[in-house]
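Coordinates in review
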Amino acid sequence: MSEPWRRLPALSLKQIQYFVTLAQLRSFTETANRLAISQPALSSALRQIESVLGGKLLHRTAQNVRLTEQGEAVLPYAERLLNTAHSVFDDMKQIMQQGGDGTLRIGLVPSVSTLLFPAVPQLLSEYFPDMRVEFHDLTNDALLLELENGSVDFGIGATDSTVPESIAVYPLLEDPLVVVIRRDDALAEGRNIPWRQLAKRDIALFSKGNVSRLVTSMNETHRLNLHVNYRVDFQETLYGLVRSRLALAILPELYTATLNDNELTIIHLQQPTLSRTVAMMCKPVPLRSEKTEQCFQFLLKAFHQRVKEKKDGMR
């Protein structure tokens, strides 16, 4: 624990809020209106921040506001400080007015929901009954951003080269990519399909996230000549394309855990086997409170145990 009596710089959270808001809106007039302060007061606050930090954060012209290179580098830290302050103040207010241990904010990508529900809420309710829990449903890219800026305490998502070095990763399991096809398709006869057998078929992928990046990279590396003709945002759209015989859908196996359709079947892809790593992720610094840290370690242990039991059951 850091020393609470250590001298703080002469900056207020309000001043940090002014900088973050200005960085987002890029307008002194709009920022001053949004924050209900005068433009001279806003300008004074920005000069104070620059004086304390020892560098210029932005360039201001008659037409626009542009962050300096130093301003761009400082902004994520300012956003995280501001979001953490909002969360902590909300927790303190909740504790004072309602009791309890504050709020735990967990980010997750939709496909891992089968790992969480209903087991995780039940476990947290049993072992941390005074902790209020929020689940934030996000794309993987949005999850990484919210981990970076402190909007969530920790997350459960997929790892790849886009995960910043500032985020600590705790792998849970490998989630292989599969293809969803119609049961009456000629390729549905086996349990596995080599990727090259998909070369002449129309493929549907999610438009966002690391699955598209994984498939695109493998397609180029192995020269598979896959025809990705559909990129969509929602899982049901993928299945609809398959039902309509317009495409085959490639997605991680966890997504298919709730697929219950007599027309469709799931086939594993091989040669090569391609998977994404599902992991718990957080900033590698002390979490917001001791209870938050305890919840993180508790869930990490519970997930590892659940994955082990699943593997043992498949043997």
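If you check an unreviewed UniProt entry, the protein chain appears there as LysR family transcriptional regulator from Rahnella inusitata.

**Quick notes on the packing of aromatic side chains**
Taken as a whole and judged by the stated rule, the model has six aromatic pairs. Note on Y127 and F298: the rings are 4.9 Å apart at their centroids and 45° apart in plane angle, and the pair reads as tilted. A residue pair is termed long-range when its members are at least 10 positions apart, and Y127 in helix α6 (residues 119-127) and F298 in helix α10 (residues 290-314) qualify at 171 residues. Ring geometry for Y170 against F296: centres 5.3 Å apart, planes inclined by 70°, an arrangement best described as edge-to-face.

**Notes on the pairing of strand β3 (residues 103-108)**
Of all the six residues making up β3, six are buried; the element is thus mostly covered by neighbouring parts of the structure. Taken together, the six bridges between β3 and strand β4 (residues 132-137) define a ladder with parallel strand orientation. When the bridges of β4 are listed, L104 appears paired with V133. Across three bridges, β3 lies against strand β5 (residues 154-159) in parallel orientation. When the bridges of β5 are listed, G107 appears paired with G155.

**Looking at the environment of L8**
Tracing the backbone through its elements, the reader meets L8 in the segment before α1 (13-25). The class for L8 is exposed, based on a relative accessible area of 73%. Sequence separation between L8 and D184 is 176 residues, and the spatial gap between their C-alpha atoms is 68 Å.

Analysis parameters
- Within each chain, residue numbers correspond to sequence positions counted from 1 in written order.
- It should be noted that, the model being predicted, local features are given only for residues of pLDDT at least 70 and side-chain atom pairs only at 80 or more, the latter also being counted only at that level, while totals for whole chains, interfaces and linings use all residues.
- The side-chain numbers reported here are obtained from all heavy atoms of the structure, hydrogens and water having been left aside.
- Any pair of Phe, Tyr and Trp rings, taking the six-membered ring for Trp, is counted once the centres come within 6.5 Å. Such a pair is stacked with planes under 30 degrees apart, edge-to-face with planes over 60 apart, and tilted for the rest.
- Every helix listed is a DSSP run of H or I at least four residues long, and every strand listed is a run of E at least two residues long, numbered separately from the N terminus.
- The rule is simple: take the accessible area with a 1.4 Å probe, protein chains only, and divide by the maximum for that residue type; under 20% is buried, over 50% is exposed, in between is partly exposed.
- When DSSP finds two or more bridges between two strands, those strands count as paired.

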